[in-house]
Amino acid sequence: MGKVLMKGNEVIAEAAVQAGCKYFFGYPITPQSELVAYMARRLPEVGGLFLQAESEIAAINMVYGAAGTGVRVMTSSSSPGFSLKQEGISYLVGSELPALIVNIVRGGPGLGNIQPAQSDYFQVTKGGGHGDYNIPVLAPASLQEIVELTREAFEIADRYRTPVILMGDGMLGQMMEPVEFSVHPESELPEKNWATTGTRGDGAPKIITSLELNAEGLEQRNHALQKKFKKIKENEVRYETYNIEDADYIMVAYGTVARITLNALNKARNEGVKVGLIRPISLWPFPEKPFIETRDRVKEYVSVEMSAGQMVEDVRLAVNGHAPVGFFGRTGGVVPTQEEIYQKIMAVAKGVTL
């Protein structure tokens, strides 16, 4: 299969199908509705099942049921709908069930608008539901990267028995780019001997639940989950860097904002400003290593976001007081321009506060 021109939402759907996903439960909401429509057409072609649930709450609980049988299953939504899924997501984590959850972020809070945003960062990286938990979060910056990260998301989910979030903004869902779906070798993943596929009278029944009424028992379960989260932090960090080796200033951006930021810093580089970029690909676990390696010589870091500055907290934690951390962002669905980011870079280099 050669390169094809596709819309971002459809790329996510096709990549999921090619990764072995045959079950989708969801509910349409702009700007990710094309993903739902694509799955409605595509899954029957591969012997799968598509079901438009009556609500986002119903959809995430259907995901729970399907995940319990060991199949690859997913759902998708945008910010208000993603909020409605939080209780079910917490259940998935507590029951250790693998699934892919897509959030194509739009402007908020509340109903907001249908324009692109990154203002769900706290919700996806800090555990949006109840209880002590984290979920791996992958943030692609291009449609080709969506192809790769969608497959990786399913593999991470199966490897650790956890839901995984693929997060993009409305631009990523709606833009069109050429993509190529390449054949990947099968990954070595653990057998799903925990799945509730029926005993056929052979052995004790398998029970999947997040309920544990004994306090000490629940504490032990939480300890086990924390060990798993630690293992994920050790093994599943993903990031890219650009020109940070000699950088006096480092911009930090993810998703489509990173692409805009890269153009801005190239322009600043051409004018003699030594500026680089750290692009987190995994938002959780957050990539601390490139900050630790540079924080004793960099004059300032600047987090660039389509939010009011949510990722700034993680950047500051990674820098740990070794250097100042600034911020530039637009919110409410406004996309920062290359020129705006360039002006911020030049102002930082001149010691001017915008």
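Because the structure is predicted, anything quoted here is derived from the model rather than measured.

Calculation criteria
Residues numbered from 1 in each chain as written. Predicted model: local features only at pLDDT ≥ 70, side-chain atom pairs only at ≥ 80, totals over all residues. Heavy atoms only, no water. Helix = DSSP H or I, 4+ residues; strand = E, 2+ residues; numbered from the N terminus. Rg over C-alpha atoms; globule rule 2.2 N^0.38 Å. Buried < 20%, exposed > 50% of the residue type's maximum accessible area, 1.4 Å probe, protein only. Contact = heavy atoms within 4.5 Å. Areas by Shrake-Rupley, 256 points an atom, 1.4 Å probe, with all protein chains shown as cover. Lys, Arg positive; Asp, Glu negative; His and termini not counted. Charge placed at Lys NZ, Arg CZ, Asp CG, Glu CD. Phe/Tyr/Trp six-rings, centres within 6.5 Å; stacked < 30°, edge-to-face > 60°. Salt bridge = Lys/Arg side-chain N within 4 Å of Asp/Glu carboxyl O. Pairing = 2+ DSSP bridges. Axes fitted to C-alpha atoms, helices over the stretch in contact; angles between N-to-C directions. Expected span 1.5 Å × (residues − 1). Parallel < 35°, antiparallel > 145°, perpendicular 65-115°, else oblique. Left-handed = near helix turned anticlockwise from the far one by under 90°. Nonpolar A, V, L, I, M, F, W, Y, C, P; charged D, E, K, R; others polar.

Caption draft 1: Focus on the overall build of the protein. Looking only at helices and strands, the protein features 13 helices and 14 strands. Expected size for 354 residues packed as a compact globule is a radius of gyration near 20 Å; at 21 Å, the protein falls within 12% of this value. Buried positions account for 52% of the 354 residues belonging to the protein. A separation of at least 24 residues holds for 79% of the contacts in the protein among residues at least 6 apart in sequence. A total of about 15300 Å² of accessible surface is found on the protein, and carbon and sulfur atoms cover 51% of it. Considering the protein, the positive charge centre built from 35 side chains and the negative charge centre built from 41 side chains are found 1 Å apart.

Caption draft 2: Quick peek at the packing of aromatic side chains. All told, the structure shown has five aromatic pairs when counted by the stated rule. Between Tyr-121 and Tyr-254, the ring centres sit 5.8 Å apart and the planes meet at 40°, which makes this aromatic pair tilted. Placement of Tyr-121 in helix H6 (residues 121-125) and of Tyr-254 in the loop between strand E10 (249-252) and helix H10 (255-270) is noted, with a sequence separation of 133 residues between them. Take Tyr-254: its relative accessible area is 2%, and that puts it in the buried class. Ring geometry for Phe-291 versus Tyr-301: centroids 5.6 Å apart, planes at 45°, classification tilted. Here Phe-291 is found in helix H11 (residues 289-294), whereas its partner Tyr-301 is found in strand E13 (residues 300-305), with ten residues between them in sequence. Given a relative accessible area of 0%, Phe-291 falls into the buried group. Classification of Tyr-301 by relative accessible area gives buried; the value is 0%.

Caption draft 3: Quick peek at the pattern of salt bridges. With the rule as written, the count across this model stands at 18 salt bridges. Here Glu-14 ties to Arg-42 by a salt bridge, and the two come within 2.7 Å at their closest N and O atoms. Highlighted residues: Glu-14 in helix H1 (residues 8-18) and Arg-42 in helix H2 (residues 33-42), separated in sequence by 28 residues. As a salt-bridge pair, Asp-246 and Arg-269 come within 2.7 Å of each other at their nearest N and O atoms. Placement of Asp-246 in the loop between strand E9 (239-242) and E10 and of Arg-269 in helix H10 is noted, with a sequence separation of 23 residues between them. When its relative accessible area of 23% is taken as the criterion, Arg-269 is described as partly exposed. Put simply, Glu-14, Arg-41, Arg-42 and Glu-45 are held in one network by salt bridges that share partners.

Caption draft 4: Quick peek at the sheet that holds strand E6 (residues 137-138). Strand order across the open sheet formed by seven strands is E3-E2-E4-E5-E7-E6-E12, with mixed pairing between neighbours. Of all strands in the sheet, those with a lone pairing partner are strand E3 (49-52) and strand E12 (282-284), marking the two edges. One ladder, built from two bridges, connects E6 with E12; its direction is antiparallel. Note on E12: the bridge partner recorded for Leu-138 is Ser-282.

Caption draft 5: Spotlight on the sheet that holds E9. A sheet is described by the order of its strands in space; here five strands give the open sequence E9-E11-E10-E13-E14, paired in mixed fashion. Because the sheet does not close on itself, it has two edges, and the strands there are E9 and strand E14 (325-329). Adjacent strand axes in the sheet meet at a mean angle of 20° when their direction is disregarded. With four bridges joining them, E10 and E13 adopt parallel strand pairing. Following the sheet pairing, Met-251 is matched in E13 by Val-302. Contacts between helix H12 (residues 312-319) and the sheet are confined to E10, E13 and E14, with E14 contributing the most and set at about 160° to the helix.

Caption draft 6: Helix H13 (residues 338-350), seen in detail. Between the first and last C-alpha of H13 there are 18 Å, a value that for 13 residues agrees with the 18 Å anticipated at 1.5 Å per step. Among all positions in H13, only Ile-341, Tyr-342, Lys-344, Ile-345, Met-346, Ala-347 and Val-348 are buried. Residues of H13 that are buried in the fold lie against E10, H10, strand E11 (275-280), E13 and E14. One or two residues past the end of H13 sits Gly-351, with phi positive at roughly 75°.

Caption draft 7: Main features of the packing of helix H3 (residues 56-67) against helix H5 (residues 86-95). Where H3 contacts H5, the axes come no closer than 9 Å and their chain directions differ by 20°. When the interaxial angle is binned, H3 and H5 end up roughly parallel. Once H3 is placed against H5, the crossing between them reads as right-handed. The segment H3 lies against H5, with Ile-60, Asn-61, Val-63, Tyr-64 and Ala-67 engaging Gly-88, Ile-89, Tyr-91, Leu-92 and Ser-95. Of the residues in the contact of H3 with H5, the class split is seven nonpolar, three polar and no charged.

All quantities given are derived from atomic positions and should not be read as evidence of function.
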